[in-house]
Amino acid sequence: MPLKTPSPILAAFRLRRRFQVRGIVQGVGFRPFVHRLASGMVLTGWVQNDVTGVIIEAEGSALQLETFVQRLLAEAPRLARINEVTSQDITLIPGARGFEVIPSAHDGVLATTIGPDSAICDDCLHEMLTPENRRYRYPFINCTHCGPRYTLVRDLPYDRAMTSMSAFTQCPACQAEYTDPKHRRFHAEPNACPQCGPRLQWCDARNHSDVCDDAIAETLKRLRRGEIVAIKGLGGFHLVCDATCAEAVSELRRRKARDEKPFALMVLNTASARQWCDVSEEEAALLESIERPIVLLPKKTHVDATLAGIAPDMNTLGLMLPYTPLHYLLFHEALDRPTTLDWLEETQALTLVMTSANPGGEPLVIGNEEALQRLQGIADGWLMHDRAIVARCDDSVVRMSIREGSSLSRPVPQFIRRARGYTPRAIRLGGAVDAPPVLAVGGYFKNTVCVTRGDEAFLSPHIGSLDNAATCHAFDEAVEHLLRLLDVTPTYIAHDRHPDFYSTRAAAVLAQRFGVPMIGVAHHHAHIAAVAAQHRLDTPVLGLAFDGVGLGDDGTAWGGELLHLNGTQCERIGHLTPLHLAGGDRAAREPWRMAASVLAQSGRVSGVETFFSQHSAAATVAGMLLRAIEAGSPHAPLTTSMGRYFDAAAGALKVCERMSFEGQAAMRLEGLAHRYLSGKRNTCFPAQLPIDASAYRIKSGNALDILTLVYRLFDIDDVSYGAALFHGTLIAAVVEWVDAAARQWGIDQIACGGGCFANALLSRGISEGLRARGHTVWQAQAVPSNDGGLSLGQAWVARRTQATGFDKQVSD
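Predicted model only: the values in this text are computed from it and were never measured.

Undergrad: Could you clarify how one ought to interpret a negative patch on the surface in this entry?
TA: Where like charges cluster on the molecular surface, the negative patch consists of D122, D123, E288, D342, E345 and E346. Looking at where D123 falls in the secondary structure, it is placed in helix 3 (residues 122-128).

Undergrad: What is the right way to read unusual backbone geometry from this model?
TA: In the segment running from T423 into P424, the intervening peptide bond is cis, with an omega of 5°. Phi at V42 is positive, roughly 60°, even though this residue is not glycine.

Undergrad: I would appreciate a short explanation of the packing of helix 15 (residues 591-601) against helix 17 (residues 618-631) in the present structure.
TA: A pair of packed helices can be characterised by two numbers: the angle between their axes and the separation between those axes. Where helix 15 contacts helix 17, the two axes come as close as 10 Å, and the packing angle between them is 45°. Taken together, the axes of helix 15 and helix 17 are oblique relative to one another. The interaxial crossing formed by helix 15 with helix 17 has right-handed handedness. For the pair helix 15 and helix 17, contact is made by W592, R593, A596, S597, A600 and Q601 and by A618, V621, L625 and I629, respectively. Partitioning the contact of helix 15 with helix 17 into residue classes produces seven nonpolar, two polar and one charged.

Undergrad: Please clarify how the nonpolar core should be interpreted in this entry.
TA: The nonpolar side chains of a soluble globular protein tend to be buried with one another. L544 and F546 are the most contacted members of the largest nonpolar core, which has 77 residues in total. Core analysis: the next-biggest nonpolar cluster, separate from the first, contains 46 residues, C241, W276, L317 and M384 among them.

Undergrad: Quick question: what am I supposed to make of the sheet that holds strand 17 (residues 438-440) here?
TA: Strand pairing in a sheet relies on backbone hydrogen bonds, with the paired strands running either antiparallel or parallel. The mixed open sheet is built from six strands, whose spatial order is 16-19-18-17-20-21. Looking at which strands have only one partner, the edges of the open sheet turn out to be strand 16 (427-428) and strand 21 (518-521). Sheet topology places strand 17 next to strand 20 (residues 492-496); three bridges connect them, and they run parallel. Note on strand 20: the bridge partner recorded for V438 is Y492. Against the sheet, helix 23 (residues 790-804) touches strand 16, strand 17, strand 18 (450-453), strand 19 (456-459), strand 20 and strand 21, its axis set at about 145° to strand 17.

Undergrad: Hey, could you run me through the confidence of the model for the chain in this one?
TA: Low pLDDT means the predicted coordinates in that region are not meant to be read closely. When the pLDDT values of the chain are averaged, the result is 92; 95% of them are 70 or greater. Within the model, pLDDT remains below 50 along residues 403-408, and this stretch shows 19 contacts once partners closer than five positions in the same chain are excluded. Confidence over residues 807-812 falls short of pLDDT 50; this stretch has 28 contacts with residues more than four positions distant or in other chains.

Undergrad: Is there a simple way to think about the pattern of salt bridges in this case?
TA: Where charged atoms from two side chains of opposite charge approach closely, those side chains can pair. Evaluation of the coordinates by the stated rule reveals 50 salt bridges. With its nearest N and O atoms 4.0 Å apart, the salt bridge here joins E370 to R392. A residue pair is termed long-range when its members are at least 10 positions apart, and E370 in helix 11 (residues 368-374) and R392 in the loop between strand 13 (381-385) and strand 14 (397-402) qualify at 22 residues. For E370, a relative accessible area of 23% puts it in the partly exposed group. Judged by relative accessible area, R392 falls into the partly exposed class, the value being 22%. Across the pair E768 and R764 runs a salt bridge whose closest N-O atoms are separated by 2.7 Å.

Undergrad: Just checking my understanding: could you explain the side chain of S785 for this structure?
TA: Residue placement: S785 occurs in the loop between strand 30 (776-779) and helix 23. Under the relative-accessibility criterion, S785 is labelled buried at 7%. Residue contacts for S785: discarding those within four places in its chain leaves F415, H527, G753, G754, G755, F757, A758 and A780.

Undergrad: Would you mind showing me how to read the packing of helix 1 (residues 30-40) against helix 2 (residues 62-74) here?
TA: Remark: helix 1 packs on helix 2, axes separated minimally by 11 Å, with the N-to-C direction vectors making an angle of 140°. The handedness of the crossing between helix 1 and helix 2 is right-handed. The segment helix 1 lies against helix 2, with F30, F33, V34, L37 and A38 engaging F68, R71 and L72. Taken together, the residues of the contact of helix 1 with helix 2 break down into seven nonpolar, no polar and one charged.

What counts, and where the lines are drawn
Residues numbered from 1 in each chain as written. Predicted model: local features only at pLDDT ≥ 70, side-chain atom pairs only at ≥ 80, totals over all residues. Heavy atoms only, no water. Patch = residues over 30% accessible without salt bridge, like charges linked within 9 Å, V, L, I, M, F, W, Y side chains within 5 Å. Areas by Shrake-Rupley, 256 points an atom, 1.4 Å probe, with all protein chains shown as cover. Salt bridge = Lys/Arg side-chain N within 4 Å of Asp/Glu carboxyl O. Lys, Arg positive; Asp, Glu negative; His and termini not counted. Charge placed at Lys NZ, Arg CZ, Asp CG, Glu CD. Helix = DSSP H or I, 4+ residues; strand = E, 2+ residues; numbered from the N terminus. Axes fitted to C-alpha atoms, helices over the stretch in contact; angles between N-to-C directions. Parallel < 35°, antiparallel > 145°, perpendicular 65-115°, else oblique. Left-handed = near helix turned anticlockwise from the far one by under 90°. Contact = heavy atoms within 4.5 Å. Nonpolar A, V, L, I, M, F, W, Y, C, P; charged D, E, K, R; others polar. Core = buried A, V, L, I, M, F, W, Y, C linked by side-chain atoms within 4.5 Å. Buried < 20%, exposed > 50% of the residue type's maximum accessible area, 1.4 Å probe, protein only. Pairing = 2+ DSSP bridges. pLDDT = per-residue confidence, 0-100.

Structure, rendered in structure tokens:
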């Protein structure tokens, strides 16, 4: 930012001033930066970490001090995020000389936090690849501008003694860097070198350690042989294989019991990514960012043949670039250790599957012994190290979307999974800075937890689905770690209204432990509240909540809801026409059952056995649906879920009759619609999507009926056209439905939440359609639209409930 020109009068005064800097200012090189800045300006004083952030005392002329603050804000380190700088004049210290970094202060109420892990910086990368450098090929090189933070911190303030690096004593050379104010490793807490720091270790499938001279070379050799290697990263282990080796990919799927769910890939750089995907400038910037997320990118036409089994029947690939020194060393080794740096920008052939080492849907593996035990039978070898991972943290997954609340079509990132690179970055909520803290425990699927402190919310990394003991234990660990790291004792515990969720039962235990009230927040209320929280919406909004399932006020499964939110109050004002779940939860895994429900509810129950004759249960399902339609049945309960309508469409088109992972049918349907659109680039989206305006209607009670739309898909042979027709007609129907409700209620602010909005066609189509009718549309950006954002919505409702003085459950 441009510096202001201070008044010359200020130069006549000499002052001593104390500055308090809040934000992400610990573990990012902020103290060294302040030291260099103040020393260069010939100020006297000191800087230190404390529980609030960073404290600075600086003495100089009034002119100097004003310039100092301007430069503090304008020139802060790349990982720093300054939220606030406050100051007060204090007494001059006669004879004060020099400027120093003094030891951290640990007293008081904690009001700071640590930054996320970040990708290796260019300076460290170049040092590591320079043969003459003492850290040549050292896989744990870092400085104040890069490296691990969140995943190795046990407590704050951020000092080496508070991290897993406390086990490593710095050698004289590293200590000299650490204490040199002019060095970029000045107070770099993970600082290390081959003489004093963590070391790599190779183990083969028989648990034989140290069986090779060079662990990196051995790893690459095994990968080239088609083997599967477990590699320890920043926040956990990856399972890695050569993505171009179809046999290795197939074997990894078999061993991990992951039949068809897409794998993420790692390539060296954006040029290499463009071998496989179309990459826009905005997507390239996201790939190359310090956060280094997995970015979902449009696949090129040859990908499925060359990368067999990586992302079958999907229109996107998840790609990421190297973010640790170890990752870069694998690519360096693949090129026979070049001594120049040109290769870093050139297209490279090596493409690696990098999938989370979480067998059986359990939590990410983080410990060495744990990896040897839990990954036995999956990995052929292990590349490990002796730096402990304190907090597990999976890779983040994002895609580019359109800026919300704006008529501009500038792409912005939108989360599918928020974790490494972003956790525990705060989300500013607005409101009172002294608001009592809340702990929100999320839902069942894609669980995260959220803690508020003041006007900020902090989300845990993605934890996973709470359907097994190990993930429930990881949930408990995440709660404790976040509370400890933020030094927070909650005054309320917010949770989902479903009584059987592990998170709900945990909320009751936590409420009893802390002696505080519980606030239950209905599932779809939380989805829309999460969007409101991210965008700090204080006015009434209409909420469009589309997902797979969530408990409704009437005890049935909701998921296609039109809601009215006003403060903490949430009212259902519309919904999709209910469908029967033939076989209950089993219908959510077998889309043909949802398609059968559409046939039956359209008066064609006799067609179920004919159309689905290949399924042995077809006759049973037909009878079940007939009884349910005539008299109701607990074996075929009703749902308004938009996710189940996507399943029904996929079943009707016979593109996915059984799912091997959550959301597979909807993802295939989206991929087919994209295939249809690929030949129609000359028209503007969403105009090129086909629409059948006679295939939907708005019924009494403001129920959107799209049964006819799905029913007509049974007669379509061109599945790409059918998928496009479903998307186009659905978008048109929803836009008309919401527009009518918005005009009736006199509200032009629309918030869209729920997992279905991970569908790029649906998300963009509804947003652009409603904007064209004069409405402002908001969607999730700082957190996922799926259940990974529920905890933020729960926390937002609980904070507002506190403010209104009600200690009671919040209804949907």
